[in-house]
Amino acid sequence: MTFEAISKNFFLYLSNNKMLDHLAKKWGPKFGADKIVGGVTFEQAVPLIEGLNRQGLQVTVDHLGEFVHSESEARKRCQECLGTIRTIYENGLGSELSLKLTSLGLDISEELVAENMQRIMEEAQKYNVVVTIDMEDSSRCGRTLEIYKRLKKDYPNLGTVIQSYLYRSDEDLDDLNEYDPYLRLVKGAYKESGKVAFIEKEKVDANLKHLIKKNLLNGHYTAIASHDDAIIDFTKKLTEEHGIGKEKFEFQMLYGMRNQTQLDLVKQGYTVRVYLPYGDDWYGYFMRRLAERPANIAFAIKGIFSK
Ligand SMILES: Cc1cc2nc3c(=O)[nH]c(=O)nc-3n(C[C@H](O)[C@H](O)[C@H](O)COP(=O)(O)OP(=O)(O)OC[C@H]3O[C@@H](n4cnc5c(N)ncnc54)[C@H](O)[C@@H]3O)c2cc1C
């Protein structure tokens, strides 16, 4: 096994550690996490969003939250989303909202998550805010897409995510075609087995290119969420060759990653959206970013020693 594979498995394993997650909530963003997380409260994130907007960047804001196991907690998360939607509107922020269905009760009951999502989408429609349902691990993919399809009929301002590492994604794209989906296409961030997902990076990359091409040629607005120059260059070339205008797609990157590339793309006339997470539940998110890229470990170690 390569160093990269070992470190990936290690950090993905740590990302599920509930005791460390619990401790991390007490500490607040540490070890460099504050460079990629926009604060603990949405109030702390607002000036960051305004700053990003001033630089020509759009935002999608995400209240970090996993491991939600009680109904009251899921309802609290729902309230947080409603408040965020209103604040985005009242402050005229160039921001969408991203959320995870597990934080709204997906693992508790179907009724609960449906009720919470319905309330969020009513508010989002009222205040004209776009909402994207993040995609979690493969065991939740089917249920997430079912909820997406049910809601998309009534709420056009709803998006979701397709992960190129999953074998099923090509079929999912076909299945979603009739819903005129707003899709964020990514490689995928969770630990998956070879039974459901491509393990080889080349196959994940090739499938992402395939999905980008298919979704754009199907005529759907597409968010290409990747820090990978090869994917960005592929998208630029593809859209030029097929005469697909810059208003038909956008690039998305995580807050704190490839800042100069984000600004360069804006200068070139592309829409760039920054995914800005906030909240005290920063631990799992931070561990997945460490798993993705060994270079982020150096960044985290620097964070430890600069505290
Ligand atoms: C906006 C956004 C939303 C996402 N939403 C989801 C989601 O809902 N569900 C999900 O499973 N995953 C999500 N992801 C994560 C995604 O699935 C990938 O795990 C993650 O983006 C890493 O893949 P990559 O394409 O960026 O590049 P990688 O395959 O990790 O890296 C490829 C190459 O890109 C370059 N690179 C990568 N990162 C950096 C960096 N920080 N600085 C400099 N160069 C870099 C390097 O050259 C690297 O070799 C999201 C990602 C983004 C950007």
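Residues numbered from 1 in each chain as written. Predicted model: local features only at pLDDT ≥ 70, side-chain atom pairs only at ≥ 80, totals over all residues. Heavy atoms only, no water.

Trainee: I tried to follow the pairing of strand β8 (residues 272–278) on my own but got confused; where do I start?
Mentor: Along a regular strand, successive side chains alternate from one face of the sheet to the other. Burial of β8 is extensive: 7 of the 7 residues sit out of reach of the surface. The alternating pattern of β8 places V272, V274, L276 and Y278 on one face and R273, Y275 and P277 on the opposite face, and all of these are buried. For strand β1 (residues 58–63) and β8, the ladder comprises 6 bridges, and the chain directions are parallel. Counted as the bridge partner of Q58 is R273 from β8. Relative to β8, strand β7 (residues 249–254) runs parallel, the two sharing 4 bridges. Looking across to β8, one finds that M253 is bridged to V274. (Buried < 20%, exposed > 50% of the residue type's maximum accessible area, 1.4 Å probe, protein only. Helix = DSSP H or I, 4+ residues; strand = E, 2+ residues; numbered from the N terminus. Pairing = 2+ DSSP bridges.)

Trainee: Help me understand the site of the ligand, please; the structure alone is not making it clear to me.
Mentor: Residues in contact with the ligand amount to 23 residues; listed here are only the nearest, K187, G188, S226, H227 and E292. Within the contact set of the ligand, a nitrogen atom lies 2.8 Å away from a backbone nitrogen or oxygen of M135. In the model, a nitrogen atom of the ligand is placed 3.1 Å from a nitrogen or oxygen of the R184 side chain. When the ligand is considered free in solution it has 940 Å² of accessible area, and contact with the protein chains removes 82% of it. (Near = heavy atom within 4 Å. Polar contact = N/O pair within 3.5 Å; in protein donor to acceptor, adjacent residues only side chain to side chain. Areas by Shrake-Rupley, 256 points an atom, 1.4 Å probe, with all protein chains shown as cover.)

Trainee: So what exactly am I meant to see when it comes to unusual backbone geometry here?
Mentor: The phi dihedral of N128 is positive, around 55 degrees, even though this residue is not glycine. Positionally, N128 belongs in the loop between α5 (110–126) and β3 (131–133). For D180, which is not glycine, the phi dihedral falls at a positive 45 degrees. Checked against the element boundaries, D180 lands in the loop between α7 (169–176) and β5 (182–186). Its relative accessible area of 47% is what places D180 among the partly exposed residues.

Trainee: I tried to follow the environment of Y165 on my own but got confused; where do I start?
Mentor: On the secondary structure map, Y165 appears in the loop between β4 (158–163) and α7. On the basis of relative accessibility, which here comes to 6%, the residue Y165 falls in the buried class. A C-alpha to C-alpha distance of 5.1 Å links Y165 and A197, two positions 32 residues apart in sequence. The residues touching Y165, leaving out its near neighbours within four places in the chain, are K187, G188, A189, Y190, E192, V196, A197, F198 and V204. Here the side chain of Y165 touches Y190 through a polar contact of 3.0 Å, landing on its backbone nitrogen. (Contact = heavy atoms within 4.5 Å.)

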